[in-house]
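Read off the chains here:
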Amino acid sequence: MQRFMRVLASAAAVLILAVAAPAPSIAQAPAPAGAAETAATKDVLTFKNGRVVEGKILEMTASEVKIEVISGTLRAVTTYPRAEILTIERDVPVAKPEAGAASAAKAGSAKAAQGKEPAKKASEGAAKVALITLKGEFGRDVSLTPIKRALEDAVASDPDVIVIKMDATQDERYGFDGLFVAERMLAPFEETIRSGKRVVFWIKRAMVGAAFLPFVSKEIYFLPEGRMGGIGTLQDFDLGDKRVNEKQISLRLGHAEGIAIQGGYDPALIKPMARKGGWLAVNFRGGKPEYMAAKPTDEQVKEGWIVLVDDGEGPNKDTDEQIVRGKANDVLNFDADMALRLNVSKGTAEDLDKLVFLLGLGSEHTLLETKGQKALDDWSKNTRDALDEIRRLRDRIQGFQQKQGEDPKTALGRRASILREMRSILTAYEEVFDPEGQQRAQIDESLEQIKQQIAEISKRERGQKKQR
Amino acid sequence: MARAEQGVWKRAAAVVVAAMALLGGWASSFAADRLTLKDGRVLEGRIQREEKDFVYLVVKIGSLEKVELVLREQIEKIEREAEKAAPAGKPDAKPSDKGAPAASGREGEKAKPADAAKPSGSATRIAFIPLGDPPLDMVGIYMSAGALRESLKRLEPESPDIVVLQINSGGGIADEVQKLSDVIEKEMKPKFRTVAWIQSAISAAAMTAITANEIYFMPKGNLGAATMFSMTGARQAKAAEGRSLEEILFVMEKISKRGGYDPLLMRAMQVETELSADIDADGAVRWRNDLGGRYKVSDGKGILTLNSQDAMRYKFAKGVADTKADLAKLLVGDAEWVEVGKSAADYQAEYREATHQSELTLNRLFRDLQQAINKAVQNLQNVEERSKAVGQARRVLGELRSIAQRSPGLREYRLPDRLFKGLEEALRRIQAGEQVDVNKILAEAMSEEP
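Residues numbered from 1 in each chain as written. Chains lettered and ligands numbered in written order. Predicted model: local features only at pLDDT ≥ 70, side-chain atom pairs only at ≥ 80, totals over all residues. Heavy atoms only, no water.

1. A look at the overall build of chain A
Definition in use: Numbered from the N terminus, helices here are DSSP runs of H or I no shorter than four residues, and strands are runs of E no shorter than two. Relative accessibility thresholds used throughout: buried, under 20% of the residue-type maximum; exposed, over 50%; partly exposed, between the two (1.4 Å probe, protein chains only). Residue contacts follow a heavy-atom distance rule, with two residues in contact if any of their heavy atoms lie within 4.5 Å. Every accessible area reported is derived by Shrake-Rupley at a probe size of 1.4 Å, with residue values counting cover from the shown protein chains alone.
Helix and strand counts for chain A come out as 16 helices and 15 strands. Considering chain A as a whole, with its 468 residues, one finds that 50% of them fall into the buried category. In chain A, the share of contacts with a sequence separation of at least 24, taken over all contacts with a separation of at least 6, comes to 67%. A total of about 22600 Å² of accessible surface is found on chain A, and carbon and sulfur atoms cover 50% of it.

Printed below as a string of structure tokens:
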């Protein structure tokens, strides 16, 4: 059986060297104290957007500058395009920092990030961070309207970075088609990014439709326990005709690959995430992953090719134990480690302090207080209440009966009133409960029928009066 | 407008200036130095540091000071220790007049390209017509030849040089493809440089798009999956086969030639077929209907959809652009351009919304119509009741007709003329007291729907 872990073991040395050399992660292996830590000088990059990053330049090419940023015990290696850099200053003398200042600021801001106490003011010049947490059921708690509000509010607070913490999943029955729910939410992120704001996704849980949303940003980071995926359902697509199925699968992949490309990710990753039955192998050349949609030969395995996803056939089919242990590989899902290795994630950060540091924004930050998160939380509560109300109203309609001795027109009026109430809730939360308006069109039709029934009863009554 | 300028530094400067305008500027006592930028904007503050290529300017917004970086190449003039710092709100300090939005050239910002600056008479005039906006994107209903033609009428007075069809559609009715392609081929291409800009062009939308002179993609763009099929039940579909498949392949071949594409490519979007390509040293792509080429494009088991990377790799697309400004840059280079044709673009949005609202009422109107006709048939012996019911049916028909007039797509595929003709005939005979099978008439009329 071709298993990722088995092949990984045989090629571990190659992999570790290949991955670790260009982008060592502080979450995986803190770098040993080096010359940069003790040196009395630093290198300074000044970017065209005014941002300044300090550290020790490790490597410069015509197109990129790789710099190790160090602050206290934190260190990270980041590569920046030369095109974004205005000036490079080398060996600038370092002024000694005041002892304890950075760590105190760090402690304060970390607690604030967890929402346990209000944000403490970090020192002047600290990075300003707007944190938006997208939590709950994707498509209901996490929806376009509150996302727009939250982003607008975040932008208005003029942050250095907007961090989108993802902790969302979706009913598994959506499967890959959660994509279309995600697509409805892309626009405000795209607009914010186009406006020049830095938007970073930080993944705790991004499953089913929520897995597509982070690809909108060029910067994805993971929490150590982060998971992203759960969209491997396209093989189950069935409209009763093989060619039509292939068409539907193809167009879905086209949409999803497009989102990946827009965010700067390799579209080759999408199909293995989406559909069982194919192979995907990876090799790291110069630290960059290269993919092959085929089973590697023994020779290729020796060259360093590693199976990420197998065909799931026969002995390759994931066992329950493998699924439970997170070792399944019939489709591609990302944990923090896998995401980092495949350049989907730029780093792993267990708290906001570390994330901000990995972002190259220094060792302290000010967490901006914005109203956007409240808009999301309110929306979440309100849609849950609305759902309860819709269910209650549906039960009332299904069990509706004319009361004994009740005038039939009054009974119809009562029924119409329930329908109108339901319609108004569907309108208020249309993007969640009735995005295409079909339910409301049905209600309108029912209301029209009731109107006609009432008119007919009235007419009959008038006729009877005349006869009397 | 002046051609769209890009660059992070200009956007950054634009943001600063916009923020200043919003917050009402800063205390004049603070403003000591003044930077006049080449685009006419003026920044005031205190120069903190000057280097060969840039200047750090400290600006004050309310009680806050903020350091901004301004590039030398952006600066026309530096006035130090200006004796009279211009108070906020002075005309020369207004960024919104032209500078700030024009600096980025992005969509959705405060000014459209046409507002940003007065273009010279020689500026290239570009019109953008959005076709499809999911979920209102069905070809035939929401993306129709009739509606496109109406937009073209509105474009005429604007005399565009380039018309960009922004396509975002998941496909629809196959019969509309030829009609849309004909409008593009015969009514657009002879007059304008016609460009398809692809966000999503699936199925019938893909077949339509390849008629254009040039195709550009958005980074997230996709085009393909053109397999024609019909629904045969709930979640049951049947792909076209036999003669209807041959017919659609013929149409796709014809339209491929209109756009200058190899028909093999569109075939791989319709049926499972092997497709590979070789690319010459001069960059020319040669398609093969086997897997012998260097690039395996379709393995013969699936249906092809191109993403923006594939489209560029195989020279299917001429470029990838995320915004209008990006696209204009690809289309006209550094030359000036101006966006025109807003009413033609607006028409498409209005048309889609009106059609959507009409669609939602169609079920009700058909039900009302059927009820009125049934009532008339049941009262054949009661002249008064019969006439009243026929009158009611004709009123509903009038409503349906008015919908058909507003929406070419619905007229073509939901409310065809033959339906009205059949119903009028039925009502005439009922009015005359004749026994007719109305369901049969309705069924016959609607069975002719494509």
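2. So, the overall build of chain B
On a plain count of helices and strands, chain B comes out with 15 helices and 17 strands. Residues classed as buried in chain B amount to 52% of the 450 residues present. In chain B, once contacts between residues fewer than 6 apart in sequence are set aside, the share between residues at least 24 apart is 67%.

3. With respect to the interface of chain B and chain A
Applied cut-off: Summed over both partners, the accessible area (1.4 Å probe) lost when two parts come together is defined as the buried area. The term salt bridge refers to a pairing of a side-chain nitrogen on Lys or Arg with a carboxyl oxygen on Asp or Glu at a separation within 4 Å. Any N or O atom pair separated by 3.5 Å or less is treated as a polar contact, with the protein-specific requirement of one donor-capable and one acceptor-capable atom, and with residues adjacent in sequence counted only for side-chain atom pairs. Gly falls in the polar group here, along with every residue not listed as nonpolar (Ala, Val, Leu, Ile, Met, Phe, Trp, Tyr, Cys, Pro) or charged (Asp, Glu, Lys, Arg).
Facing 51 residues of chain B, the contacting portion of chain A comprises 41 residues. Carbon and sulfur atoms supply 52% of the area that chain B and chain A bury against each other, a total of about 3700 Å² over both sides. Summed over the three residues of chain B that lose the most area to chain A, namely K220(B), R235(B) and R367(B), the buried surface amounts to 15% of that side. Summed over the shared surface of chain B and chain A, the result is 5 salt bridges. One salt bridge in this structure joins K220(B) and E190(A), with 2.5 Å as the shortest N-O distance. Counting across the interface, chain B meets chain A through 14 residue pairs in polar contact (both at pLDDT 80 or more). If one sorts the elements of the side of chain B that touches chain A by residue count, helix α11 (residues 342-378) of chain B sits on top with 8 residues. Counted by class, the side of chain B that touches chain A contains 21 nonpolar, 15 polar and 15 charged residues.

4. Description of a positive patch on the surface
To keep things clear, this is the line we draw: Patch construction takes residues with relative accessible area above 30% that form no salt bridge. Like charges are linked within 9 Å, and nonpolar side chains (Val, Leu, Ile, Met, Phe, Trp, Tyr) are linked within 5 Å. His is not counted here, nor are the chain ends, while Lys and Arg score as positive and Asp and Glu score as negative. Charge placement uses NZ in Lys and CZ in Arg. For Asp and Glu, CG and CD serve respectively.
A cluster of basic residues, K459(A), R462(A), K465(A), K466(A), R468(A) and K375(B), forms a positive patch at the surface. Here the positive patch takes 4 residues from helix α16 (residues 438-467) of chain A, the largest share from any one element. Along the chain, K466(A) falls in helix α16.

5. Points about the side chain of D353(A)
Residues and elements named next belong to chain A. Note on placement: D353 falls in helix α12 (residues 352-358). Note on D353: relative accessible area 1%, which makes it buried. Engagement of the side chain of D353 in a polar contact is seen with the side chain of H365, the distance being 3.2 Å.

6. Observations concerning the sheet that holds strand β11 (residues 288-292) of chain A
Residues and elements named next belong to chain A. Short version of the rule: Strands are labelled as partners when DSSP assigns at least two bridges between them. To get an axis, fit a line to the C-alpha atoms, keeping to the stretch in contact for a helix; angles then go from 0 to 180 degrees between the N-to-C directions.
With antiparallel pairing, 3 strands are arranged side by side in an open sheet as β11-β10-β12. Lying at the two open borders of the sheet, with one neighbouring strand each, are β11 and β12 (306-309). Each adjacent strand pair in this sheet contributes to an overall mean axis angle of 40°, direction not counted. The sheet contact formed by strand β10 (residues 280-285) and β11 spans 5 bridges and is antiparallel. Counterpart to N283 in the pairing with β11 is E290.

7. Focus: the pattern of salt bridges
Two side chains that carry opposite charge are able to pair once their charged atoms sit near each other. Under the definition given, this model contains 58 salt bridges over all chains. Measuring nitrogen to oxygen at the nearest pair gives 3.8 Å for the salt bridge that ties R288(B) to D278(B). Separated by 10 residues along the polypeptide, R288(B) in strand β13 (residues 285-288) and D278(B) in strand β12 (residues 274-279) bring together distant segments of the chain. The class for R288(B) is partly exposed, based on a relative accessible area of 31%. Several salt bridges converge on common partners, so that one network encompasses E445(A), R364(B), R367(B) and D368(B).

8. Considerations on the sheet that holds strand β14 (residues 295-299) of chain B
Residue and element names in this part refer to chain B. In space, the 3 strands of this open sheet follow the order β13-β12-β14, with antiparallel pairing throughout. Bordering the open sheet on either side are β13 and β14, each of which pairs with just one other strand. Between one strand and the next, the sheet's axes are offset by a mean angle of 20°, whatever the strand orientation. Here β12 runs beside β14; their pairing, made up of 4 bridges, is antiparallel. Pairing of S276 across the sheet is with K296, part of β14.

9. What to know about the packing of aromatic side chains
We count it as follows: Aromatic pairing here means that ring centres of Phe, Tyr or Trp (its six-membered ring) are within 6.5 Å. Orientation follows from the plane angle: under 30 degrees is stacked, over 60 is edge-to-face, and everything else is tilted. For a Lys NZ or an Arg CZ to count as sitting over a ring, it must be within 6 Å of the ring centre and within 35 degrees of the ring normal.
Counted under the stated rule, the structure contains 11 aromatic pairs over all chains. Ring centres of F176(A) and F212(A) lie 5.2 Å apart, and the angle between their planes is 80°; on these two criteria the pair is classed as edge-to-face. Taken as a pair, F176(A) in the loop between β7 (161-169) and α6 (178-194) and F212(A) in the loop between β8 (199-207) and β9 (219-229) lie far apart in primary sequence, 36 residues in all. Centroid distance F189(A) to F201(A): 5.3 Å. Interplanar angle 50°. Geometry classified as tilted. One end of the pair, F189(A), is in helix α6; the other, F201(A), is in strand β8, and 12 residues separate them in sequence. Accessibility assignment for this pair places F189(A) and F201(A) in one class, buried. Put simply, the rings of F128(B), W197(B) and W337(B) touch in pairs and so form one group of aromatic residues. A cation over a ring is seen here: K165(A) above W202(A), with NZ or CZ 5.2 Å from the ring centre. One cation-aromatic arrangement involves R313(B) over Y314(B); the distance from NZ or CZ to the ring centre is 5.9 Å.

10. Brief notes about the side chain of R258(B)
Residues and elements named next belong to chain B. Its place among the elements puts R258 in helix α7 (residues 242-259). In this structure R258 comes out as buried when scored by relative accessible area, which is 19%. Looking at R258, its side chain comes within polar contact range of the side chain of D182, at 2.8 Å. Contact partners of R258, with chain neighbours within four places excluded, come to Q178, S181, D182, E185, K186, K189 and T211.

11. Comments concerning helix α10 (residues 324-332) of chain B
All names here are of chain B. Counting buried residues along α10, 7 of its 9 residues qualify, which places the element largely inside the surrounding structure. Among the structural elements, β6 (124-131), β7 (162-169), β8 (193-202), β9 (214-224) and β17 (337-340) are those in contact with the buried residues of α10. Where α10 ends, the next residue or the one after it, G333, has phi of about 65°, a positive value.

12. Describing the environment of L308(A)
All names here are of chain A. Relative to the helices and strands, L308 resides in strand β12. Here L308 falls in the buried class, since its relative accessible area comes to 3%. Taking the C-alpha atoms as reference points, L308 and A328, 20 residues apart in sequence, are found 9.9 Å from one another.

13. Looking at the confidence of the model for chain B
Residue and element names in this part refer to chain B. Heads up, the condition is: Think of pLDDT as the predictor's per-residue confidence, scored from 0 to 100.
When pLDDT is averaged along chain B, the result is 81, and 80% of the positions lie at 70 or above. Low confidence marks residues 1-30, where pLDDT is under 50. Its contacts with residues over four positions away, or in another chain, come to 70 contacts. Scored below 50 in pLDDT, residues 82-118 shows 66 contacts in the model against residues more than four places distant or in partner chains.

14. Section: the environment of D175(B)
Residues and elements named next belong to chain B. Mapped onto the fold, D175 is located in helix α5 (residues 175-188). Judged by its relative accessible area of 44%, D175 is partly exposed. In the structure, D175 is positioned 73 residues away from I248 in sequence and 9.2 Å away in space, judged by C-alpha atoms.

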